Amino acid sequence: MTSTTEPKKQEGGLGETVKVILQAFLIALLIRTFLFQPFNIPSGSMKETLLVGDYLFVSKFSYGYSRFSLPLSPPLFDGRILGSTPNRGDVVVFKLPRDESTDYIKRVIGLPGDEIQMIGGLLHINGVPVKREDAGYWMDDEGNGRVERVKRWTETLPNGVSYYTLDLVENGFYDNTDVYKVPPGHYFMMGDNRDNSTDSRVLSQVGYVPYENLIGRAQIIFFSVKEGDAAWQFWKWPWTVRWNRLFSFVR
């Protein structure tokens, strides 16, 4: 009686490595498309809620999915799938209406049908001034050794959402505006750093944001480095990482 043995297949070869890489890529793509997408903050328009150098996760499922949920935003369909509407006060990442390749992050202030106006730096929604309380001053560290003291307010929206806003200058350019009437299916976005935010108050650059353009809701800051420093410079982390901001929720 004779027996034969088949040669063992070599494990861990190039083919197996490529397979593992492809699987990891597909898993990462699915997570990015349907669950969470990382973003970083490049400007100070949302200070002090979000700082330059913050890295955060945005939940893609919060408002459902549009073509902007997909990589490269292919025009496969219109509207939203499994859509739900944002709440007033949500911090949202969206595609800029006039340049759909650009991502913006702001706070939802106006809902469809709302009338929004700034009078003397005070936000009015549907003719009613929102509650605003003195919150002292915030020390703005711009990362170049210069620290600026900035006037701070606590603003509370009609649904009870509260957050800080900054007031860099009195009677700023957009502290007094006409009435903005938010169209159906659109939202009015504003930055918390009111005198340093290009937002829906600037109709020629941002204006009203279509529901379809919403990408997701900012949820948690998973990493943060001081303004002016690079996240990849890991040898500087003991001094440049803002340890107190890691894994903090965005409110």
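What you see is a predicted model, and the numbers here were worked out from it, not measured in a lab. (Residues numbered from 1 in each chain as written. Predicted model: local features only at pLDDT ≥ 70, side-chain atom pairs only at ≥ 80, totals over all residues. Heavy atoms only, no water.)

**Thoughts on a nonpolar patch on the surface**
- There is a patch of nonpolar side chains on the surface, built from Ile 27, Leu 30, Ile 31, Phe 34, Leu 35, Phe 36 and Phe 61 and spanning about 630 Å² of accessible area.
- Element by element, the count of residues in the nonpolar patch is highest for helix H1 (residues 14-34), at four residues.
- Within the secondary structure, Ile 31 is located in helix H1.
- The exposure class of Ile 31 is partly exposed, given its relative accessible area of 39%. (Patch = residues over 30% accessible without salt bridge, like charges linked within 9 Å, V, L, I, M, F, W, Y side chains within 5 Å. Areas by Shrake-Rupley, 256 points an atom, 1.4 Å probe, with all protein chains shown as cover. Salt bridge = Lys/Arg side-chain N within 4 Å of Asp/Glu carboxyl O. Helix = DSSP H or I, 4+ residues; strand = E, 2+ residues; numbered from the N terminus. Buried < 20%, exposed > 50% of the residue type's maximum accessible area, 1.4 Å probe, protein only.)

**Considering the UniProt feature "active site" (unreviewed entry) in the protein chain**
- Summarizing the sequence annotation, UniProt attributes the feature "active site" (unreviewed entry) to Ser 45 and Lys 106 in the numbering used throughout. Spanning 62 residues, the named residues nonetheless gather at one spot, since no C-alpha pair among them exceeds 8.0 Å.
- Secondary-structure assignment places Ser 45 in the loop between strand S1 (36-40) and strand S2 (54-59).
- If we ignore the near neighbours within four places in the chain, the residues touching Ser 45 are Ile 105, Lys 106, Gly 191, Asp 192, Asn 193, Asn 196 and Ser 197.
- Side chain to side chain, Ser 45 and Lys 106 meet in a polar contact 2.9 Å long.
- According to the relative accessible area criterion, Lys 106 is buried, its value standing at 3%.
- Non-local contacts of Lys 106, meaning those with residues more than four positions away in its chain, are made with Ser 45, Met 46, Asp 90, Val 91, Val 92, Phe 94, Met 189, Met 190, Gly 191, Ser 197, Thr 198 and Asp 199. (UniProt positions renumbered as here; feature names shortened; annotations may be inferred. Contact = heavy atoms within 4.5 Å. Polar contact = N/O pair within 3.5 Å; in protein donor to acceptor, adjacent residues only side chain to side chain.)

**Overview of the sheet that holds strand S9 (residues 147-156)**
- One open sheet holds the three strands; their spatial order is S8-S9-S10, and the pairing between them is antiparallel. Each end of this open sheet is capped by a strand with a single partner; those strands are strand S8 (131-141) and strand S10 (162-167). Between one strand axis and the next, the sheet turns through 35° on average, direction left out of account.
- With nine bridges connecting them, S8 and S9 associate as antiparallel partners. Considered in S9, the bridge of Glu 133 is made with Thr 154. (Pairing = 2+ DSSP bridges. Axes fitted to C-alpha atoms, helices over the stretch in contact; angles between N-to-C directions.)

**Regarding the sheet that holds strand S6 (residues 122-125)**
- Strand order in this open sheet of four strands is S7-S6-S5-S11, and the pairing throughout is antiparallel. Edge positions in the sheet fall to strand S7 (128-129) and strand S11 (180-181), since each has one partner strand and no second.
- Note: strand S5 (residues 115-119) against S6, four bridges, orientation antiparallel. By the bridge assignment for S6, Ile 116 is matched with Ile 125.

**A closer look at the pattern of salt bridges**
- Counting across every chain of the model gives 14 salt bridges.
- Between Asp 54 and Arg 245 there is a salt bridge, and its shortest N-O distance comes to 2.7 Å. Taken together, the positions of Asp 54 in strand S2 and Arg 245 in the loop between helix H2 (237-240) and strand S15 (248-249) put the pair 191 residues apart, joining distant regions of the chain.
- The class of Asp 54 is buried, set by a relative accessible area of 0%.
- When the shortest N-O distance is used, the salt bridge between Arg 107 and Asp 192 registers 2.8 Å. Remark: Asp 192 occurs in the loop between strand S12 (186-190) and strand S13 (209-210) and Arg 107 occurs in strand S4 (residues 99-110); sequence separation between them is 85 residues.
- One network of salt bridges, with partners in common, ties together Lys 47, Asp 140 and Glu 227.

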